[in-house]
Amino acid sequence: MNSAGPGPESGVVVAIDGTSGSGKSSTSRGVARRLGLRYLDTGAMYRAVTWWMLRHGVDVHDPEAVAARCEEPRIESGTDPEGPTISVDGADVAVEIRGDDVNAAVSPVSAVPRVRSRMQVMQRQTIEDALRTGGIVVEGRDIGSVVWPDAPVKVYLSADAAARAHRRALEEGGSDVEATRESLLARDRIDSGRAVSPLVLAEGAVHVDTTDLTLDQAIDTIVAMVESLSSGVSAP
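Residues numbered from 1 in each chain as written. Predicted model: local features only at pLDDT ≥ 70, side-chain atom pairs only at ≥ 80, totals over all residues. Heavy atoms only, no water.

A word on the sheet that holds strand 6 (residues 135-140)
Move 1: Pairing within the open sheet is parallel, and its five strands lie in the order 2-6-1-7-8. Looking along the sheet, the strands with just one partner apiece sit at the ends: strand 2 (38-41) and strand 8 (206-209). On average, each strand axis in the sheet is inclined to that of its neighbour by 20 degrees, with strand direction left out of account.
Move 2: Pairing of strand 1 (residues 12-18) with strand 6 involves six bridges; the strand directions are parallel. In the sheet register, Val14 faces strand 6, and the bridge partner there is Val137.
Move 3: Its contacts with the sheet put helix 1 (residues 24-35) on strand 1, strand 2, strand 6 and strand 7 (153-158), and the angle it makes with strand 6 is roughly 175 degrees.
Move 4: Those strands touched by helix 5 (residues 113-131) are strand 1, strand 2 and strand 6, and its axis lies near 155 degrees from that of strand 6. (Pairing = 2+ DSSP bridges. Helix = DSSP H or I, 4+ residues; strand = E, 2+ residues; numbered from the N terminus. Axes fitted to C-alpha atoms, helices over the stretch in contact; angles between N-to-C directions. Contact = heavy atoms within 4.5 Å.)

If you want it as structure tokens, here you go:
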């Protein structure tokens, strides 16, 4: 991975928010690799907390119960885009947090204000650390709106529901596309409707619809935005 990023000398933050299945993870990692920046998957952090709650028998549909214990798990996120890691209490949980049980529980857990507050503090610290060495690409649902609203590059990725369902079904090894579509739309409603840090198009963010874009085209679009910071020329 290149050691120098293209942004200002003080480092650059690229905030990539958007809906599930819109290509956030693949695009964000690709941008980070291309530009020699760090990478943070904030969704994995919420999944890690959810996995811990399930393992410790906490009722994930009881916000008070989740809030009471959300400070207990030790969450650590690796920021190398070539191999990002996520651990809970020292154990690698990269595979476990993608299981069906976590998929079904992550929305109610991530909607708990105290959980979001704790994760946002950790995310800001990771961003501050990364800015000392060039910068970071951060993906999530509230990065440009809440976590780091001063990011010089803010992107909102979306795609139509059919395209997102097809992509997610392929990722999951051939899941039922229609069932996947309904699950994604339900997640959209929860993420957009929660009281704290809802999924929104952040002020100043560029909306990129990936429905008809290849992965490389999506990466190219965002890389151009970052590179324009140094040149002083607006990206097309």
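Remarks on the pattern of salt bridges
Move 1: Taken as a whole and assessed by the stated rule, the structure comprises eight salt bridges.
Move 2: In this structure, Asp142 engages Arg116 in a salt bridge whose closest nitrogen and oxygen atoms are separated by 3.0 Å. Of the two residues, Asp142 is situated in the loop between strand 6 and helix 6 (143-147) and Arg116 in helix 5; the sequence distance between them amounts to 26 residues. Here Asp142 and Arg116 have matching classes, each one buried.
Move 3: Each of Glu71, Arg114 and Arg118 takes part in salt bridges that share partners, so that together they form one network. (Salt bridge = Lys/Arg side-chain N within 4 Å of Asp/Glu carboxyl O. Buried < 20%, exposed > 50% of the residue type's maximum accessible area, 1.4 Å probe, protein only.)

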